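Architecture at a glance
So you can see what is in the structure, the chains are spelled out below.
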Amino acid sequence: MSSSEIYDIIIIGGGVIGCSIARALCKYELKICLLEKEADIAMGTTKANSGVVHAGYAAERKFTKRNLCIRGNKLYSEAVKELNFPFKRMGSFVVAFKVEEIKLLEEIRKRGIEDGILDLELILEKQRIKRMEPNISDDIIGVLHAPSAGIVSPYEMTFALAQNAAMNSVKFFRSQEVIKIDHSDYIFTITTQRNEFKSLNVINCAGLYSAKISKMLGLDYFDITPRKGEYVLFDRNTIQLNKILFPTPTKISKGILVCPTFHGNAFAGPNAQNITDIEDTSTTTAGLKEVLEGAKKIVPNLPLRASIRNFAGLRAVPSTYDFIIDNTDIYGFINVAGILSPGLTSSYAIAEKVIDFLELLGVELKVKEDYNPYRPKPERFTDFSKKELDKKIKEDSSWGRIICRCETISEKEILNAIQGPIGATTIDGVKFRCRAGMGRCQSGFCRPRVMEILSREMKLPYQAITKKGDDTNILIAKTKDLLLKEIIKKEIQK
Ligand SMILES: Cc1cc2nc3c(=O)[nH]c(=O)nc-3n(C[C@H](O)[C@H](O)[C@H](O)COP(=O)(O)OP(=O)(O)OC[C@H]3O[C@@H](n4cnc5c(N)ncnc54)[C@H](O)[C@@H]3O)c2cc1C
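Here the structure is a predicted model, which means the values were calculated and not measured.

1. What about the packing of aromatic side chains?
Here the structure, examined in full by the defined rule, presents 13 aromatic pairs. Ring plane angle 90° and centroid distance 6.2 Å describe the contact between Tyr186 and Tyr331, whose orientation is recorded as edge-to-face. Taken together, the residues Tyr186 in the loop between strand 10 (178–184) and strand 11 (187–192) and Tyr331 in the loop between strand 19 (324–327) and strand 20 (333–337) connect sequence positions 145 residues apart. For Tyr186, a relative accessible area of 60% corresponds to the exposed category. When its relative accessible area of 46% is taken as the criterion, Tyr331 is described as partly exposed. When the ring centre of Phe63 is taken as reference, the NZ or CZ atom of Lys65 above it lies at 4.8 Å.

This is the structure we're talking about:
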């Protein structure tokens, strides 16, 4: 199927970067769509990272990512008011165990303040540090405190961005892997495995695959190497961390951190290993050992027995080691590639930069009269008082049926996740939108129920429900059907 519709802008890739750009552009009178290869948005690097909104002191001054991170951090305050995603400025500590590390932290502080991170503070009084973060090791001798650092739920923020963009007429097409791009007469023809799309401008936000997309147009000026980072996640409320805790950085890495999540878990990680397989998100015994050893140096009382999940994310490391955001030699084709850390923090600032590039290309940016920047906060069972809940349940009994016991998620929240703009179509889609399956039992209890709800709402057979799209079916057939087939086969053979 092909469409004669010509978009003003097509964004390739529905991670945090593609969705930030879609949301920043949705205020203008432009015809925009976003193509994502997976069954859902936010399922690439955006789903598995530390979720830290960095203060911005870490990268060297020669890198674009330093300024974009500092600016991006500031832009979160406005974004969270409009989009209502889980975000908290709780502050970070970079910890020092040796005098040389204190010297380095002081240099980082000075440079950071010069570049606009005004609240950076070197704290050397151990008692004060311990009061601020009681779990920190007794062996530390000082910390660099960055109060503006925060934690965000990266996928929930990305869904919020995408939903607001969709509310303002951006179209989202999922399960559309771009396999070919042609450019002639100033029009890009983008072929996916299912459709053909046309556009005057294309923005490549394909993360780990961004070099592959760029090469489809013969633009072969950078490479992307996957660098794996492994994590250990701990159950909610087993350790109460007040601060995001980093070791003193080395030249190549920010190191293994110990960090709370917005929803009250804690995690340790990531390590950093260059790999070759762009899809390899497996965890390894050696990697997890490295993570826990690193983390225990900072927080010796980590609740190791309360670990509920290990996972890994892949950084898209570009050959330039800096973000690649540029108007390329092909008029109308913008690369936003190699967005490694701190890409999540920088996402709003990256979107601003892309708008500057579009202006340079002569794209008319006229604000829509009916632009609505607000995305309502998803309603949560656990946010309501008893009185409010009684009222809700009277109005709609699905509020009263708890499907995920670990996280106390009601059927209504799952229905909202499925029926909302860019709704969930998979088990992971439900999980990442409303946390059903994120808790201690890791969906052991609620998965069959979530599948039933998905099957009912999508009018699909139970067996057609997948974890995360093609080839990830949980069930292949009903046991009774299989037995019946076996019996019939035997009868025929008799
Ligand atoms: C271990 C780790 C820790 C990190 N910690 C932090 C942190 O604490 N703070 C921070 O600021 N940053 C952090 N980052 C960086 C941050 O996660 C990334 O910068 C950000 O997620 C990149 O988003 P993206 O949209 O570029 O990529 P992705 O999320 O990977 O999105 C790219 C999308 O493009 C799609 N795609 C690919 N090919 C095609 C195709 N052919 N057709 C259609 N779609 C396609 C993919 O399916 C994917 O959904 C971390 C990264 C890692 C790996």
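Following the structure, the description resumes.
2. Focus on the site of the ligand
Close to the ligand lie 38 residues; Glu36, Thr46, Val52, Ile339 and Thr345 are nearest. Within the contact set of the ligand, an oxygen atom lies 3.1 Å away from a backbone nitrogen or oxygen of Ile17. Interatomic distance of 2.5 Å between a side-chain N/O atom of Thr46 and an oxygen atom of the ligand. When the ligand sits alone it has 1,000 Å² of accessible area, and the protein chains cover 97% of it.

3. Things to note about the nonpolar core
In this structure, Ile21, Phe85, Phe172, Ile203 and Val336 are the most contacted members of the largest nonpolar core, which totals 59 residues. Elements that contribute at least two residues to this core include exactly strand 1 (2–12), helix 1 (16–25), strand 2 (32–35), helix 2 (64–83), helix 5 (154–167), strand 20 and helix 8 (343–360). Two domains each provide a minimum of three residues to this core, namely domain 1 (1–86 + 150–221 + 319–377) and domain 3 (381–479).

4. What about the pattern of salt bridges?
Counted under the stated rule, the structure contains 37 salt bridges. Salt-bridge contacts for Asp220 lead to Lys215; the nearest nitrogen and oxygen are separated by 3.7 Å. We classify Lys215 as partly exposed; its relative accessible area is 34%. Note that Arg236 and Glu407 form a salt bridge whose closest N and O atoms lie 3.0 Å from each other. Highlighted residues: Arg236 in the loop between strand 13 (224–234) and strand 14 (244–247) and Glu407 in the loop between strand 21 (402–404) and strand 22 (409–410), separated in sequence by 171 residues. Judged by its relative accessible area of 25%, Arg236 is partly exposed. Among the charged side chains, a network of salt bridges with common partners joins Arg61, Arg66, Glu114 and Asp115.

5. Brief notes about the packing of helix 10 (residues 411–419) against helix 12 (residues 447–458)
Orientation of helix 10 relative to helix 12, taken along the N-to-C sense of each, is 45°, at an axis distance of 11 Å. Classed by the angle they form, the pair helix 10 and helix 12 counts as oblique. As for how helix 10 packs across helix 12, the hand of that crossing is right-handed. For the pair helix 10 and helix 12, the contacting residues are Glu411, Ile414, Leu415, Ile418 and Gln419 in the first and Val450, Ile453, Leu454, Arg456 and Glu457 in the second.

6. Structural notes on the domain arrangement of the protein chain
When the domains of the protein chain are assigned, the result is domain 1 (1–86 + 150–221 + 319–377), domain 2 (92–147 + 225–312) and domain 3 (381–479). A straight line from the C-alpha centre of domain 2 to that of domain 3 covers 33 Å. In this assembly, six residues from domain 2 lie in contact with eight residues from domain 3. Of the roughly 610 Å² buried between domain 2 and domain 3 on both sides combined, carbon and sulfur atoms contribute 34%. The interface formed by domain 2 and domain 3 includes two salt bridges. In this assembly, domain 2 and domain 3 are joined by four residue pairs in polar contact (both at pLDDT 80 or more). Counted by class, the side of domain 2 that touches domain 3 contains one nonpolar, two polar and three charged residues.

So, how was this worked out
- Residues numbered from 1 in each chain as written.
- Predicted model: local features only at pLDDT ≥ 70, side-chain atom pairs only at ≥ 80, totals over all residues.
- Heavy atoms only, no water.
- Phe/Tyr/Trp six-rings, centres within 6.5 Å; stacked < 30°, edge-to-face > 60°.
- Helix = DSSP H or I, 4+ residues; strand = E, 2+ residues; numbered from the N terminus.
- Buried < 20%, exposed > 50% of the residue type's maximum accessible area, 1.4 Å probe, protein only.
- Lys NZ or Arg CZ within 6 Å of the ring centre and 35° of its normal.
- Near = heavy atom within 4 Å.
- Polar contact = N/O pair within 3.5 Å; in protein donor to acceptor, adjacent residues only side chain to side chain.
- Areas by Shrake-Rupley, 256 points an atom, 1.4 Å probe, with all protein chains shown as cover.
- Core = buried A, V, L, I, M, F, W, Y, C linked by side-chain atoms within 4.5 Å.
- Domains from an automatic or database assignment.
- Salt bridge = Lys/Arg side-chain N within 4 Å of Asp/Glu carboxyl O.
- Axes fitted to C-alpha atoms, helices over the stretch in contact; angles between N-to-C directions.
- Parallel < 35°, antiparallel > 145°, perpendicular 65-115°, else oblique.
- Left-handed = near helix turned anticlockwise from the far one by under 90°.
- Contact = heavy atoms within 4.5 Å.
- Buried area = accessible area lost by both parts, 1.4 Å probe.
- Nonpolar A, V, L, I, M, F, W, Y, C, P; charged D, E, K, R; others polar.

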